[in-house]
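Report on the structure
For reference, the chains in residue letters:
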Amino acid sequence: KMASIKVASSHDAMELHHAQLRALYAVIHLVAILISKIDTTQTLFAPANAPLLQASHWRTAVRMDDFYGRGFGFHYKPEIRNILRVVKIAKGSVDKTASADIANPYMRNIAIMGWGWVYSQATILNNLGFSIEGVNDIGTDSRGQQPTIEQMRTFMNLVEDPIVSGVSKMASSDAAVEKTFVIPPPFRSQAGEPSHDEAEGANDNASPTLPSFSMVGVNEPVHARLISYFLRPLDLPGHKPVSVNELVRDQDSSKPHSLITDALDGLQTISAKIDTFLRPGPNTCASGLILHFHGGGFISQSSKSHAVYLRQWAADIPDAVILSIDYQVAPEAQYPVALQECVFAYTWAIHNCHRLGTTAERIVLTGDSAGGNLAVAVAMKVVESEFRKPDGLVLAYPALNLTSGWSPSRLLSFFDPLLPVSVVE
């Protein structure tokens, strides 16, 4: 019986291998067509209006699920492939839970974890050679159904789950300052024009006069997160001034509480207090300011999603404070709301740098994916307006080509478990 199982699994593996080769040949054929349509010495981007080049046509020709199963991530190193397997299982768990239409958020989280366990066991058995029905469909959109905005948000925001974020806090570098606050919107006159020249005392959080270009379209407060490895003298809007002798810790009252999350927060607070006593501090403002814009496809995530590596940055660059902007996301906030809020936050931070515990002698803009797009756009806006320019940009896989035409990275989306073709569209 075991011998017959091995023969069957070997046959299935061969079939899967052949299917992958057929799909890969289809992609190579598409590349050949693209090369014939463009001058590769001038551009790597193909026109999107040619009938043979439409993504919908090639999505039916190249079966996405052929790149899943035991041969999943064949073009990645084993270390990356293992990480992507976890991503695939998480996406499949979210998709399965979404199909059940569970309204209660706690029950929804339990369902996601349950399906994650089931899918992980099925994947392990499949990789060991056992033929598990349906395992190749985990995390794929091969049935032709594009994921909804809410599905993508749930998947991309899994890192913000209280348990996940609590564990990641304990594993990440500790920061003496991690505080969320709100940047007040520009004061507007009765005529509706933005201005920061309101009467003294009319607004406790009033900023010095900001350039008019930065206040266009900003009608609501802008949320932000401040992170610093050392204690800094702070005067954040909505908070009492903080001296360097006080421990600054963010207490997010909006997040759900449980025995587990409260225990994790308690351990983190004890660790922070011990670390603060042992860590020498400069008792001065930092000289650098890092303005961070988070990724998330313009539709999801926040500064909290990216706080793990931001804390590490704060430890690696102790003479700088990090200000991460929680701009509003689409589709609730349509373009150019996110860009306008980021430009406003940039000019506000420069005019109020001492309130953030920095002299801002050096300013760096950074972002990943959609955040990289916003970092470049903010830099272009301030250069056009002859405002204080940033001293540098650090971009991680920035989304700078938002057209529907084919490009090298768009071709790779055939194999991408995080952002497949349908999600990019």
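Right above here is the structure, for reference.
Residues numbered from 1 in each chain as written. Predicted model: local features only at pLDDT ≥ 70, side-chain atom pairs only at ≥ 80, totals over all residues. Heavy atoms only, no water.

Let us look at the overall build of the protein chain. Along the backbone of the protein chain there are 12 helices and nine strands. Burial status across the protein chain gives 44% buried among its 425 residues. At a minimum sequence separation of 6, the contacts of the protein chain that also span at least 24 residues come to 77%. Carbon and sulfur atoms make up 60% of the accessible area of the protein chain, which totals about 22,000 Å². (Helix = DSSP H or I, 4+ residues; strand = E, 2+ residues; numbered from the N terminus. Buried < 20%, exposed > 50% of the residue type's maximum accessible area, 1.4 Å probe, protein only. Contact = heavy atoms within 4.5 Å. Areas by Shrake-Rupley, 256 points an atom, 1.4 Å probe, with all protein chains shown as cover.)

This brings us to the pairing of strand 7 (residues 320-326). Counting buried residues along strand 7, seven of its seven residues qualify, which places the element largely inside the surrounding structure. Because side chains alternate across strand 7, one face comprises the buried residues Ala 320, Ile 322, Ser 324 and Asp 326, and the other comprises Val 321, Leu 323 and Ile 325, equally buried. For strand 6 (residues 286-293) and strand 7, the ladder comprises six bridges, and the chain directions are parallel. Looking at strand 7, one finds that Leu 291 is bridged to Leu 323. Viewed along the sheet, the connection from strand 6 through helix 8 (residues 307-316) into strand 7 turns out right-handed. (Pairing = 2+ DSSP bridges. Right-handed = clockwise from strand over helix to strand, strands pointing away.)

This brings us to a nonpolar patch on the surface. Taken together, the side chains of Met 107, Ile 110 and Met 113 present a nonpolar region at the surface, about 320 Å² in accessible area. Within the secondary structure, Met 113 is located in helix 4 (residues 105-127). (Patch = residues over 30% accessible without salt bridge, like charges linked within 9 Å, V, L, I, M, F, W, Y side chains within 5 Å. Salt bridge = Lys/Arg side-chain N within 4 Å of Asp/Glu carboxyl O.)

By the definition in use, this model includes six salt bridges. Across the pair Arg 153 and Glu 332 runs a salt bridge, and its minimum N-O distance is 2.5 Å. Of this pair, Arg 153 sits in helix 5 (residues 149-156) while Glu 332 is found in the loop between strand 7 and helix 9 (337-351), placing the two residues 179 residues apart along the sequence. Note on Arg 153: relative accessible area 13%, which makes it buried. A relative accessible area of 57% places Glu 332 in the exposed class. Arg 311 is paired through a salt bridge with Glu 178; the nearest N and O atoms lie 2.8 Å apart. A residue pair is termed long-range when its members are at least 10 positions apart, and Arg 311 in helix 8 and Glu 178 in strand 1 (residues 177-183) qualify at 133 residues. Overall, the relative accessible area of 3% leaves Glu 178 in the buried class. Members of the salt-bridge network, linked through shared partners, are Glu 150, Arg 153 and Glu 332.

Our focus in this paragraph is the packing of helix 3 (residues 78-100) against helix 5. Working note: a packed helix pair is described by the angle between its axes plus the distance between those axes. Here helix 3 crosses helix 5 at 135 degrees, and the two axes come no closer than 9 Å. In terms of orientation, helix 3 lies oblique with respect to helix 5. The handedness of the crossing between helix 3 and helix 5 is right-handed. Counting all contacts with helix 3, which are made through Val 87, Ala 90, Lys 91, Val 94, Asp 95 and Ala 98, the residues of helix 5 involved are Gln 151, Thr 154 and Phe 155. Its residues placed into classes, the contact of helix 3 with helix 5 shows five nonpolar, two polar and two charged. (Axes fitted to C-alpha atoms, helices over the stretch in contact; angles between N-to-C directions. Parallel < 35°, antiparallel > 145°, perpendicular 65-115°, else oblique. Left-handed = near helix turned anticlockwise from the far one by under 90°. Nonpolar A, V, L, I, M, F, W, Y, C, P; charged D, E, K, R; others polar.)

Summed over all chains, the structure comprises zero disulfides. Lacking any disulfide linkage, Cys 285 is separated from the closest cysteine sulfur, that of Cys 353, by 7.6 Å. (Disulfide = S-S within 2.5 Å.)

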